[in-house]
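Letter by letter, the chains look like this.
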Amino acid sequence: MKEEQKVEAMNSAPDSAEAATPTAKGKKKRKKMSRKKFWSIIGIVVVVLVIAGAGMWKWHEEPSFCSTFCHIEADYVANYSQEQGVQGTDKYGNPVSNTNAMMSVLHRSNDTTAKSEIKCVDCHVPNMEELAHDGVNFVSGNYYLPRTERDGAALMKWDGKESSQLCANENCHSYLLGADGKVDRKKLEKTTADMEFNPHDTHHANLEMQCTTCHKGHRASVVACTGCHEHENVEVPDGWLTYQQSQDLMAKSFGNE
Ligand code: HEC
Ligand code: HEC
Ligand code: HEC
């Protein structure tokens, strides 16, 4: 089609007259939008924005949100999404004989709490400062893969909370809390009193390990006491690792073997 014909065709189509090229301008008087039409358009725009905003808010709770905005989270989403109680893999790709040994998988779906599904943001409560910090490092490429493992203290510092509050707080495992709002180690000790070697034993008052020293989110959990109590009959739950196995796994995963 030649240029003139094109313009001609545009002009003849009544609907596209307003959007036509400058040559078409002036030929037809531009109709003034009625007040009613103007406000109904504004109304539609507002409704769309509200829905999009609500969708975004809802979506940010979904695991897919994490990996869409930050692709290095994909390994964690895949890790978390595994079936419970079967053979699987950890965040570094190592085999795990029982996926229940990884707390993110074990907690993902359960029927013991009011919430039927525990999502990323239930454990990793969003903190704007932390997100900004991670976002800047992500965009500038200031990170290494595999990612350095964070313990409970590192994850909680953004909220000015202590390590154990990652696991025991007003929403989760609150039955373990003492009057001061922090974990009561005596209460914790009782939960596993039936184990031959109680991993929560308070024998070493000076050795109050962080929950995350043993309970790992995205790799097999570790009975860290076996670092010293290796010759005793320490029960290592299915899928869990001994201290030495954990050390070997980390060395292998980070290529320092
Ligand atoms: C020395 C390692 C170690 C540390 C530190 C540790 N745990 Fe445990 N925990 C275990 C082991 C081992 C089990 C048994 C898991 C199993 O049988 O699958 C367990 C089980 C549990 C259970 C389930 C108990 C039940 O009722 O059956 C809870 C809840 C728990 N731990 C919470 C915590 C919290 C909260 C902390 C931190 C304040 C913590 N643990 C610190 C090793 C540890
Ligand atoms: C049951 C609690 C829990 C859930 C649910 C959970 N995490 Fe974690 N996450 C942890 C713990 C504990 C750690 C500390 C490192 C570890 O033990 O693997 C951690 C660490 C991390 C880290 C820091 C890097 C590292 O290896 O330490 C990232 C990133 C992460 N989680 C992403 C996610 C994403 C994405 C989801 C959802 C798909 C998720 N997590 C769900 C408990 C959880
Ligand atoms: C740094 C090494 C070390 C670590 C780690 C360690 N222990 Fe011990 N533990 C010892 C030593 C040494 C003794 C014997 C001396 C004493 O009683 O303090 C002992 C004694 C004990 C006793 C007294 C009964 C016995 O077997 O003699 C208990 C119970 C105990 N430890 C539990 C634990 C638990 C639970 C953990 C993990 C949360 C743990 N220990 C981690 C070194 C350690």
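Residues numbered from 1 in each chain as written. Chains lettered and ligands numbered in written order. Predicted model: local features only at pLDDT ≥ 70, side-chain atom pairs only at ≥ 80, totals over all residues. Heavy atoms only, no water.

### Structural notes on the site of ligand 1
Cut-off, in case you're wondering: Nearness is defined per residue: one heavy atom within 4 Å of the molecule or strand is enough. Think of a polar contact as two N or O atoms within 3.5 Å of one another; within protein, one of them needs to be a possible hydrogen donor and the other a possible acceptor, and neighboring residues in sequence only count if both atoms come from side chains. When residues are sorted by character, Ala, Val, Leu, Ile, Met, Phe, Trp, Tyr, Cys and Pro go into the nonpolar class, Asp, Glu, Lys and Arg into the charged class, and all the rest, Gly among them, into the polar class.
The local shell around ligand 1 holds 19 residues, among which His200, Cys211, Cys214, His215 and Cys225 are the closest. A distance of 2.8 Å is found between a nitrogen atom of ligand 1 and a side-chain nitrogen or oxygen belonging to His215. Here the residues of the shell around ligand 1 are counted per class, giving 13 nonpolar, six polar and no charged.

### Overview of the site of ligand 3
Within the structure, ligand 3 sits among Phe197, Asn198, Pro199, Asp201, His203, His204, Leu207, Met209, Cys225, Cys228, His229 and Glu232. The side chain of His204 places a nitrogen or oxygen atom 2.7 Å from a nitrogen atom of ligand 3. His229 is positioned such that a nitrogen or oxygen atom in its side chain is 2.7 Å from a nitrogen atom of ligand 3.

### A closer look at the confidence of the model for the protein
Rules: Residue-level confidence of the predictor is what pLDDT reports, using numbers from 0 through 100. Whether two residues are in contact is decided by their heavy atoms: any pair within 4.5 Å suffices.
Of all residues in the protein, 84% attain a pLDDT of 70 or more, and the chain-wide mean is 84. Throughout residues 6-26 the model reports pLDDT below 50, and contacts reaching past four residues in sequence, or to other chains, amount to 10 contacts.

### A closer look at the coordination of the iron atom of ligand 2
Keep this limit in mind: Only nitrogen, oxygen and sulfur atoms count as donors, using a 2.8 Å cut-off from the metal that widens to 3.2 Å for Na, K and Ca. Water is left out, so coordination shells may look unfilled. A four-donor site is classed as tetrahedral when every donor-metal-donor angle falls between 85 and 135 degrees; four donors are called square planar, and six octahedral, when trans pairs exceed 155 degrees and all remaining angles lie between 65 and 115, with any other arrangement labelled irregular. A helix here means a DSSP run of H or I that spans at least four residues, while a strand means a run of E at least two residues long, and both kinds are numbered starting from the N terminus.
The protein atoms that coordinate the iron atom of ligand 2 are His124 (NE2) and His218 (NE2), at distances spanning 2.0 Å. Taken together, the six donor atoms coordinating the iron atom of ligand 2 span angles of 87 to 179° at the metal, a pattern that classifies the geometry as octahedral. Of this pair, His124 sits in the loop between α6 (120-123) and α7 (128-139) while His218 is found in the loop between α10 (211-214) and β3 (222-223), placing the two residues 94 residues apart along the sequence.

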